[in-house]
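Topology and contacts: notes
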Amino acid sequence: MRDTRILKRGDFLKPTRPVAPGVPAFLHPLSDPKADGSRLTFAKWLVQRNSPTTARAFVNRVWQNYFGTGLVSTSEDFGLQAEKPSHPELLDWLAVEFMESGWNIKQLQRLIINSSTYRQTSKVPPELLERDPYNRLLARASRLRVEGEIVRDVALQASGLLNPKLGGPSIFSPAPAFLFLPPASYGTFHWHEAQGAERYRRALYTFRRRSTPYPMLATFDVPNADASCVKRVRSNTPLQALTTLNETVFMESARALGQQMQKNGTTDEAKIAYAFRCCTSRLPTSDETALLLKLLDKQRQRLSAGELDAHTLALGNKTAQVPEGTNLQDLAAFTLLARVLLNLDETITRE
């Protein structure tokens with residue numbers, strides 16, 4: 001093994017006494033005193049049954065993904081300075097179940113989402129909100145905006161564009177060209193924008209460049225890839241609404257959803273109900289339908305008056321062919337309506 005020594009004041013030119021691999025003395029010792037000190041040895045020590053911190057920390061992060069806040073709210077700090085667990089017995093039980101299942105992540109997630117705690121309504125009475133504003137008592141389901149990657153996937157899925165292909169290389173999603181040219185970029189970077197079905201793969205596959213974060217993902221609080229992130233922040237800003245209204249993939253999703261609305265319904269009410277259900281997983285109320293019909297009528301009037309370019313709105317450019325049997329102005333009006341539905345708070349919020 002390589003000789004490792006303590007460096008005086010961190011100076012590699014001033015080595016002092018040698019050190020041997022080991023683990024903190026106040027924790028359980030290595031199972032094999034003659035262990036070689038390799039990473040594998042350390043990994044095995046971390047997941048021993050008398051080392052429950054690893055399982056506790058992991059199940060806490062999984063819980064955080066589903067409820068917005070972990071049983072220990074400071075998931076990024078699980079030590080002596082951490083906040084105490086809101087439900088310590090539940091945290092320990094989940095950790096033991098996780099270890100006894102053979103560290104089966106799927107089984108852990110199935111256990112959580114099938115629980116009555118997770119399956120509660122997210123509607124909150126005023127008295128409960130006053131008593132427990134942060135839902136630490138778990139008396140209701142948490143209501144939270146989905147993660148940045150999923151915001152994009154929701155729009156693609158609702159419009160029927162999502163490519164379900166798994167695996168393969170990263171893709172270059174649509175992005176402004178100036179981002180990859182000086183001075184925005186350190187040097188010219190060739191961003192070959194994906195075309196066809198590859199263009200609509202899940203946001204997980206978007207090529208990540210550390211010096212040029214992908215703007216749509218950054219807007220929705222997706223962290224940079226240059227550091228580990230245990231706990232994401234969630235914000236709601238006007239810039240996010242501008243993104244879901246105008247960003248290239250969201251506009252293409254709105255056009256695709258507008259075309260689907262034309263095909264799925266014989267009346268405006270039926271078409272609106274179809275699109276609303278695609279976006280929110282429920283049918284609209286009578287008041288919502290009336291409001292959306294009013295919006296649709298207003299957009300038709302604007303298109304008839306020449307205020308908007310129907311061809312560009314409905315098809316993206318003036319050279320694209322209008323689908324056979326389709327009224328261009330109607331398609332543009334439904335595209336504008338779909339754009340609004342994809343921008344609803346309820347569309348990107350887990351209720």
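All values reported here derive from a predicted model rather than from experimental measurement. (Residues numbered from 1 in each chain as written. Predicted model: local features only at pLDDT ≥ 70, side-chain atom pairs only at ≥ 80, totals over all residues. Heavy atoms only, no water.)

1. A look at the overall build of the protein chain
Counting secondary structure elements, the protein chain contains 13 helices and 4 strands. The C-alpha radius of gyration of the protein chain comes to 26 Å, more than 25% above the 20 Å expected for a compact globule of 351 residues. Seen along its three principal axes, the alpha-carbon backbone of the protein chain occupies a region of about 85 × 55 × 35 Å. Taking all 351 residues of the protein chain together, 34% fall into the buried category. Long-range pairs, those at least 24 residues apart, make up 54% of the contacts in the protein chain with a sequence separation of at least 6. Accessible surface, the protein chain as shown: approximately 21,200 Å² in total, 55% of it carbon and sulfur. When the 45 basic and 35 acidic side-chain charges of the protein chain are each reduced to a single mean position, those positions are 6 Å apart. (Helix = DSSP H or I, 4+ residues; strand = E, 2+ residues; numbered from the N terminus. Rg over C-alpha atoms; globule rule 2.2 N^0.38 Å. Buried < 20%, exposed > 50% of the residue type's maximum accessible area, 1.4 Å probe, protein only. Contact = heavy atoms within 4.5 Å. Areas by Shrake-Rupley, 256 points an atom, 1.4 Å probe, with all protein chains shown as cover. Lys, Arg positive; Asp, Glu negative; His and termini not counted. Charge placed at Lys NZ, Arg CZ, Asp CG, Glu CD.)

2. Quick notes on the environment of T54
Here T54 is to be found in helix α2 (residues 53–67). By relative accessible area, which is 27% here, T54 ends up partly exposed. Along the chain, T54 and P323 lie 269 residues apart, while their C-alpha atoms are 56 Å from each other. T54 has contacts with L46, V47 and W103, leaving out every residue within four places of it along the chain.

3. Here we look at unusual backbone geometry
A cis amide bond links P182 to the next residue, P183, at an omega of 5 degrees. Residue W103 is not a glycine yet carries a positive backbone phi of 60 degrees. Along the chain, W103 turns up in the loop between α3 (88–100) and α4 (105–113). We note that N135 has phi near 55 degrees; this positive angle belongs to a residue other than glycine. Turning to its location among the elements, N135 is positioned in the loop between α5 (126–131) and β3 (144–145).

4. Focus: the pattern of salt bridges
A pair can form between side chains of opposite charge whenever their charged atoms are brought close. Taken as a whole and judged by the stated rule, the model has 18 salt bridges. Salt-bridge contacts for E193 lead to R199; the nearest nitrogen and oxygen are separated by 2.9 Å. Linking E252 and R199 is a salt bridge whose minimum nitrogen-to-oxygen distance equals 2.9 Å. Here the residue E252 occupies a position in helix α9 (residues 248–263), and R199 occupies one in the loop between α6 (148–159) and α7 (215–219), the gap between them amounting to 53 residues. Through salt bridges with shared partners, a single ionic network connects R143, D345 and E351. (Salt bridge = Lys/Arg side-chain N within 4 Å of Asp/Glu carboxyl O.)

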